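Here is how the chains run, residue by residue.
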Amino acid sequence: MLVTRFFPADAFKGTTVFVTGGGSGINLGIAKNFAALGANVAICGRKQDKLDRAAEELRALGAKVHAEAADVRDAARLETVIGNAAAALGPIGVLVCGAAGNFPVPAEELSPNGFKTVVDIDLIGSFNATRAAFEQLKATKGSVIFISAGMAYVPFPYQVHVGAAKAGIDMMMKNLALEWGKYGIRANSIVPGPIEGTEGMKRLGGGDYESSRYRSIPLGRFGAVDEIGQAAVFLASPLAAYITGTVLVVDGGSNLAGSTLFGQAIEAMRGAP
Ligand code: HXC
């Protein structure tokens, strides 16, 4: 893992990192990068068996792990699990709000409940986690990292629900950075671009880079899960001690093409010309 070449192996020793949605994909990749640097890692998600498998991967990197099921939409349950994680591993110093839901759908076909479901998971779920971890973050002078998306900045076709939820996350992040700076808590967002092998890319018309509609990404490739993990490690590290309220875009320059590449990929996936 590249991060261990540039950070000392004990860079996060004694720090508890809690990752919502940490059972797979980008969020598990983030958890692994912290685990490789000595952190204690807690993950939650909806399915315990998936969390158990992820926990094994994290333990293999040497981390102490707490993996317990919680749907981020259930604020009371999430509060309990965050409390259990802290009891097992120590107070939370880094909170990663990564749990998200997505499906591409034309706005006129999206039901009110479909819209609400994504806002509930992404936006309200992120608030629930942050709210539940606040006292611990205050005690540790900790850091919150939200996982946003390019949909927060430019409209993407068939993503009205996701755009609304992710734009809400980034504004919430800025509010929290403003209000909680006095406690020493930092808050930032990461915007991942098209990241290879993730559930998001499966749902949003990915495939292999050369034959995909995304092939004009300026850096000429999809991103890797670890590249988002590295960005999270940087934001949580002392190197970013004076960085709060910012959005870090990690997308190989994809955003420079607006939503055009995505729009083409999604139309191709749906069978439109
Ligand atoms: C239209 C849909 C739909 C679809 C669900 N709904 N899927 N509408 N098209 N494909 C509607 C349902 O009809 C229902 O509304 C409402 O949404 C809730 O659906 P449920 O299946 O009951 O919800 P739930 O079981 O809670 O599942 C949540 C989910 C699901 C978001 C719908 O897809 C999920 O669990 N996703 C988790 C994994 C995931 O999405 N990972 C990708 C994240 S990627 P009605 O009106 O019928 O009751 C990501 C990155 C974004 O976020 C940026 C990438 C670049």
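See the structure above.
Report on the accompanying structure.

### Topic: the packing of helix 2 (residues 25–35) against helix 8 (residues 225–236)
Here helix 2 crosses helix 8 at 55 degrees, and the two axes come no closer than 8 Å. Between helix 2 and helix 8, the interaxial angle falls into the category oblique. Judged by the twist between their axes, the crossing of helix 2 over helix 8 is right-handed. Here G25, I26, G29, I30, N33 and F34 of helix 2 come into contact with helix 8, specifically with V225, D226, I228, G229, Q230, A232, V233 and A236. Of the residues contributing to the contact of helix 2 with helix 8, the split by class is eight nonpolar, five polar and one charged.

### Focus on the side chain of D120
Turning to its location among the elements, D120 is positioned in helix 5 (residues 112–140). Setting aside chain neighbours within four positions, we find D120 in contact with R73 and G125.

### Here's the deal with the sheet that holds strand 3 (residues 65–67)
The parallel open sheet is built from seven strands, whose spatial order is 3-2-1-4-5-6-7. Looking at the sheet topology across the chains shown, the edges are occupied by strand 3 and strand 7 (247–250). The average undirected angle you get between the axes of adjacent strands in this sheet is 15 degrees. Of the strand pairs in this sheet, strand 5 (residues 143–147) and strand 6 (residues 186–192) are connected by five bridges, and their pairing is parallel. The partner of I147 across the bridge, within strand 6, is I190.

### Regarding the packing of helix 2 against helix 3 (residues 48–60)
Direction vectors running N to C along helix 2 and helix 3 enclose 25 degrees, while the axes themselves pass 9 Å from each other. Here helix 2 lies roughly parallel to helix 3, going by the angle between them. The two elements helix 2 and helix 3 cross, and the hand of that crossing is right-handed. Facing helix 2, whose interface residues are L28, A31, K32 and A35, helix 3 presents A54, E57 and L58. Looking at the contact of helix 2 with helix 3 residue by residue, the classes come out as five nonpolar, no polar and two charged.

What counts and how
Residues numbered from 1 in each chain as written. Predicted model: local features only at pLDDT ≥ 70, side-chain atom pairs only at ≥ 80, totals over all residues. Heavy atoms only, no water. Axes fitted to C-alpha atoms, helices over the stretch in contact; angles between N-to-C directions. Helix = DSSP H or I, 4+ residues; strand = E, 2+ residues; numbered from the N terminus. Parallel < 35°, antiparallel > 145°, perpendicular 65-115°, else oblique. Left-handed = near helix turned anticlockwise from the far one by under 90°. Contact = heavy atoms within 4.5 Å. Nonpolar A, V, L, I, M, F, W, Y, C, P; charged D, E, K, R; others polar. Pairing = 2+ DSSP bridges.

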